[in-house]
Amino acid sequence: MDFALSQEQAAVRDLCRDFAREVVTPAAEELDREHKFGYDIVRQMGELGLFGLPFSEQYGGAGADFLSLCLAIEEISRADAGVGITLEAAVCLGAAPIHDFGTEEQKQAWLPDLLSGKKLWAFGLTEPHAGSDAGATKTRAELRDGEWVVNGAKQFITNCGTDSYRKLGWHSSDTHPLSFEDCRVPEANLLGTRGGGYRQFLHTLMGGRIAIAALSVGVAQACLDASLAYAKERHAFGAPISKQQSIQFKLADMAMETELARTMVHKAATAYHHGTGETSDEVRMLAAMSKLYASETSKRAADQAVQIHGGYGFMEDYPVARYWRDVKVNEIGEGTSEVQRMLIARLLGL
Ligand SMILES: Cc1cc2nc3c(=O)[nH]c(=O)nc-3n(C[C@H](O)[C@H](O)[C@H](O)COP(=O)(O)OP(=O)(O)OC[C@H]3O[C@@H](n4cnc5c(N)ncnc54)[C@H](O)[C@@H]3O)c2cc1C
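Residues numbered from 1 in each chain as written. Predicted model: local features only at pLDDT ≥ 70, side-chain atom pairs only at ≥ 80, totals over all residues. Heavy atoms only, no water.

**Observations regarding the domain arrangement of the protein chain**
Assigned domains within the protein chain: domain 1 (7-115), domain 2 (134-189) and domain 3 (197-347). Taking the mean C-alpha position of each, domain 2 and domain 3 sit 29 Å from one another. Of the roughly 590 Å² buried between domain 2 and domain 3 on both sides combined, carbon and sulfur atoms contribute 69%. There are zero salt bridges connecting domain 2 and domain 3. For the interface between domain 2 and domain 3, the tally reads two residue pairs in polar contact (both at pLDDT 80 or more). Of the residues contributing to the side of domain 2 that touches domain 3, the split by class is three nonpolar, three polar and no charged. (Domains from an automatic or database assignment. Buried area = accessible area lost by both parts, 1.4 Å probe. Salt bridge = Lys/Arg side-chain N within 4 Å of Asp/Glu carboxyl O. Polar contact = N/O pair within 3.5 Å; in protein donor to acceptor, adjacent residues only side chain to side chain. Nonpolar A, V, L, I, M, F, W, Y, C, P; charged D, E, K, R; others polar.)

So, in structure tokens, the structure goes:
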């Protein structure tokens, strides 16, 4: 068993770490404050090839593995989780279904623009009255005169750009509702097999969950970075607070849990990559566990980061306030923590 990254994986991580430090971090506070979508950052991520990382070169992808994508998402999210989710949703939820289930013609027609970041596609599963209970969705497509006629509504959809929500966090990401009234789609645009949509949705969410785990690790690492630096410079009772054992224990727990979550992501991403196509129970279990553990780790880390910063942690002058607002949704999107526990219990035979 080799836990070391390959040269290619390390190169992707380093490229994204540098890009995040030089481009995303300096913009993050303003994007958050102004609720702005980082168009220029997305354009640059497209030029770096991040949207095509795990896809075949024949469609404009980089031919890298799924772990490389997770490393990229971790590094970008360490700077701004809103930008991280933009990348995650565009790749895992927008482009992946076409790559995995599209016909050759559909892939040739749509993937090049998606893999270069010129277009971002969305994945609309959630509806106003059906989220966790995905089987209860009501949107319908009827085949009439050679066209699919779609009626229904979708809720909280990332990267779909219409009317906007006011959100607790992820201010630099785009989240919108969608509604379809006799929306006509050419018959040839059906993705995958007729009647197979639900199975395809579940397959798509598998990769998405591992990627959300990677995003969570990025924010947990950011919390640790900020807290370590602050604890060394903040003095109380004549010494840096980092000399207090209670602060040291918080930092030690954050470091340990972040590393554990990262290790789970690497294992899940590697298993998912090798099992693409047929998803085994082992991959399902790893996806659910890594998403659950990493998202809850990021929440604990953000909570402790604010605590270590004291009153300043409650102010927007320090990034930990943003991390604290951003992490909550990690436990909700792409399957809530309750849903992940249900999946794990089911896979345990319960
Ligand atoms: C910022 C943001 C971006 C999003 N992006 C997308 C996207 O791009 N595409 C998309 O399709 N969706 C997206 N979502 C939706 C997200 O996936 C759903 O919010 C999530 O799946 C939960 O569904 P819900 O909000 O309907 O909550 P509900 O399903 O109504 O759940 C409410 C609560 O009840 C619990 N619960 C429900 N059923 C059970 C049960 N059987 N046992 C125990 N507890 C249960 C849940 O865990 C939760 O705590 C996004 C959401 C947000 C906030």
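What follows continues from the structure just given.
**A look at the nonpolar core**
Counting 77 residues, the largest nonpolar core has Met45, Leu87 and Ile210 as the members making the most contacts within it. Take this core: its biggest share by element is 16 residues, from helix α6 (residues 197-233). Two domains share this core, each providing at least three of its residues, namely domain 1 (7-115) and domain 3 (197-347). Beyond its immediate stretch of four places on either side in the chain, leucine 87 contacts Met45, Leu50, Phe51, Ala72, Ile73 and Ile76. (Core = buried A, V, L, I, M, F, W, Y, C linked by side-chain atoms within 4.5 Å. Buried < 20%, exposed > 50% of the residue type's maximum accessible area, 1.4 Å probe, protein only. Helix = DSSP H or I, 4+ residues; strand = E, 2+ residues; numbered from the N terminus. Contact = heavy atoms within 4.5 Å.)

**Remarks on the packing of aromatic side chains**
According to the stated counting rule, one finds seven aromatic pairs in the structure shown. Judged by centre distance (5.4 Å) and plane angle (55°), the ring pair of tryptophan 110 and tryptophan 121 falls under tilted. On the criterion of sequence distance, the pair formed by tryptophan 110 in helix α5 (residues 104-115) and tryptophan 121 in the loop between α5 and β1 (140-144) is long-range, its members being eleven residues apart. Plain terms: the ring middles of phenylalanine 156 and tyrosine 165 are 5.4 Å apart, the flat faces sit at 45° to each other, and that makes the pair tilted. (Phe/Tyr/Trp six-rings, centres within 6.5 Å; stacked < 30°, edge-to-face > 60°.)

**Quick notes on empty space enclosed by the protein**
Taken as a whole and judged by the stated rule, the model has one cavity of 30 Å³ or more. Estimated volume of the largest cavity: approximately 30 Å³. As for the largest cavity, its lining consists of Phe37, Gly38, Ile41, Val42, Gly82, Val83, Thr86 and Ser172. (1 Å grid on protein atoms, 1.4 Å probe; cavity = no way out; pocket = protein on both sides within 12 Å on 5 of 7 lines; lining within 4 Å. Points joined across faces, edges and corners; volume = space filled by probe spheres on them.)

**Section: the site of the ligand**
Near the ligand lie 18 residues; those nearest to it are Phe123, Thr126, Ser132, Phe156 and Thr336. One of the backbone nitrogen or oxygen atoms of phenylalanine 123 is found 2.7 Å away from a nitrogen atom of the ligand. Separating a nitrogen atom of the ligand from a side-chain N or O atom of threonine 126 is a distance of 2.7 Å. Protein chains bury 64% of the 980 Å² of accessible surface belonging to the ligand in isolation. Listed by contribution, the elements that provide at least two residues to the shell around the ligand are β2 (147-158) and α10 (337-347). Classifying every residue of the shell around the ligand gives eight nonpolar, eight polar and two charged. (Near = heavy atom within 4 Å. Areas by Shrake-Rupley, 256 points an atom, 1.4 Å probe, with all protein chains shown as cover.)

**Concerning the pattern of salt bridges**
By the definition in use, this model includes 23 salt bridges. A salt bridge links arginine 13 to aspartate 14; the shortest N-O distance between them is 3.1 Å. By relative accessible area, which is 33% here, aspartate 14 ends up partly exposed. Note that glutamate 142 and arginine 144 form a salt bridge whose closest N and O atoms lie 3.5 Å from each other. The partly exposed category is assigned to arginine 144, whose relative accessible area is 30%. When salt bridges with common partners are traced through the structure, they connect Arg17, Glu75, Arg78 and Asp225 into a single cluster.

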